[in-house]
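Structure at a glance
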Amino acid sequence: MKKLIIILTLAGFLTALPVIAEESGKDVSKPIIDGLELKGADGKLVHQNSKWHFVFDRDVKGPKSGLIKANTQITLLSSAALEKLIVDKQKNPASSYRLWGIIAKYDDKNYIFCTYFLPFAKIAPAKKAQQMQINEPNDALTIPDEIINKLKDRKIIRPEQLRKGLKLESDSVLIDRVGYIKTDRDRQAKFVFDALGRNAKNYSIDLLPCQVLELAQGKSARALEKTRFKITGIVTQFSGKNHMFLQKASVVHSYGNFSR
């Protein structure tokens with residue numbers, strides 16, 4: 001009897017091992033939470049499968065869990081900043097970039113809403129070493145080699161971009177607008193502004209993937225009737241078309257005041 005108990009105990013433990021192993025490696029594959037702000041992450045811009053992606057030079061970790069590993073392609077969402085980034089890449093194919101923006105999460109996948117960038121200058125190693133000759137032979141006060149080595153490892157920003165980059169504009173904020181969220185035949189989510197009974201044609205705007213959108217779509221799917229939302233979001237323009245990056249979406253109850 002004791003032998004049977006031991007065998008059953010071992011069997012249960014061995015069955016649980018894959019689950020334990022999966023939990024221990026959970027952070028590796030788990031996406032980073034929605035809304036994490038990127039503050040100058042280095043990497044490369046890549047175009048593949050008709051989309052633009054950012055490839056980080058180093059791992060990016062979430063505040064509590066989640067990880068984007070280095071050399072992983074993360075899709076960039078349409079934005080005015082991305083449009084300017086693409087133009088710079090086409091002019092300087094060898095450039096790498098320092099990126100600012102917001103990490104979004106939709107359907108367990110991360111995206112990046114780019115808001116600002118700075119390109120890196122590409123300097124030949126010999127020329128860079130020459131530029132970093134800081135200490136002169138007869139200097140009375142010299143900088144320690146340890147500090148110089150750290151300076152040599154720093155990426156160099158193209159000076160002309162310090163001013164040009166600050167001119168990234170066209171983004172605006174839309175606050176507390178009421179309407180509906182629908183998906184078209186191409187599976188593109190759209191926000192349709194409610195005319196509220198006026199003789200005005202409803203205008204729609206494409207929605208960028210993010211957790212706020214995902215939660216709103218879930219509420220709509222569970223509702224018995226058409227769901228009206230009050231939304232706040234960032235409106236941006238890409239290739240002459242407007243897009244919105246949702247920041248908030250709350251259900252609006254008509255209480256019989258509005259027709260559905």
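So, here's what we can say about the structure.

Scoring rules and cut-offs
Residues numbered from 1 in each chain as written. Predicted model: local features only at pLDDT ≥ 70, side-chain atom pairs only at ≥ 80, totals over all residues. Heavy atoms only, no water. Pairing = 2+ DSSP bridges. Helix = DSSP H or I, 4+ residues; strand = E, 2+ residues; numbered from the N terminus. Axes fitted to C-alpha atoms, helices over the stretch in contact; angles between N-to-C directions. Core = buried A, V, L, I, M, F, W, Y, C linked by side-chain atoms within 4.5 Å. Buried < 20%, exposed > 50% of the residue type's maximum accessible area, 1.4 Å probe, protein only. Contact = heavy atoms within 4.5 Å. Expected span 1.5 Å × (residues − 1). Polar contact = N/O pair within 3.5 Å; in protein donor to acceptor, adjacent residues only side chain to side chain.

**Quick look at the sheet that holds strand β8 (residues 172-183)**
Read around the closed barrel, the 5 strands follow the order β8-β9-β10-β12-β11; overall the barrel is mixed. Neighbour to neighbour, the strand axes of the sheet diverge by 55° on average, direction disregarded. Taken together, the 5 bridges between β8 and strand β9 (residues 189-193) define a ladder with antiparallel strand orientation. Counterpart to Tyr180 in the pairing with β9 is Val192.

**Remarks on the nonpolar core**
Within soluble globular proteins, side chains that are nonpolar generally end up buried alongside one another. Membership of the largest hydrophobic core comes to 25 residues, with the highest contact counts inside it found for Ile181, Phe191, Leu207, Ile231, Met244, Phe245 and Leu246. Residues in contact with Ile231, not counting those within four places in the same chain, are Leu174, Ile175, Asp176, Arg177, Phe191, Met244, Leu246, Lys248 and Ala249.

**Remarks on helix α3 (residues 80-91)**
An ideal rise of 1.5 Å per residue puts 16 Å on 12 residues; α3 measures up with 17 Å between its terminal C-alpha atoms. The complete set of buried residues in α3 reads Ala80, Ala81, Leu82, Leu85, Ile86, Asp88 and Lys89.

**Here we look at the environment of Glu83**
Along the chain, Glu83 turns up in helix α3. Judged by its relative accessible area of 31%, Glu83 is partly exposed. Look past the residues within four positions of Glu83 in its chain and what remains in contact with it is Gln237, Phe238, Ser239 and Gly240.

**A short note on the side chain of Lys190**
Note on placement: Lys190 falls in strand β9. Side-chain polar atoms of Lys190 contact the side chain of Asp206, separated by 2.5 Å. Leaving out residues up to four positions away in the same chain, Lys190 has contacts with Tyr180, Ile181, Lys182, Asp184, Ser204, Ile205, Asp206 and Leu207.

**Some details on the sheet that holds strand β7 (residues 109-119)**
The mixed closed barrel is built from 5 strands, whose spatial order is β1-β2-β5-β7-β6. Pairs of neighbouring strands in the sheet enclose a mean axial angle of 55°, with direction left out of account. Alignment of strand β2 (residues 51-56) against strand β5 (residues 73-76), held across 3 bridges, turns out to be antiparallel. Within β5, the residue paired with Val55 across the bridge is Gln73. In the packing of α3 onto the sheet, the strands contacted are β1 (36-48), β2, β5, β6 (97-106) and β7, and the crossing angle to β7 comes to about 60°.

**Side note on unusual backbone geometry**
Here Asp107, not a glycine, exhibits a phi torsion of approximately 55°, which is positive. One can find Asp107 in the loop between β6 and β7. For Asp107, a relative accessible area of 56% corresponds to the exposed category.

**A few points about the pairing of β8**
A regular strand carries its side chains on alternate faces of the sheet. Across 6 bridges, β8 lies against strand β11 (residues 228-238) in antiparallel orientation. Of the residues in β11, the one forming a bridge with Arg177 is Ile231.

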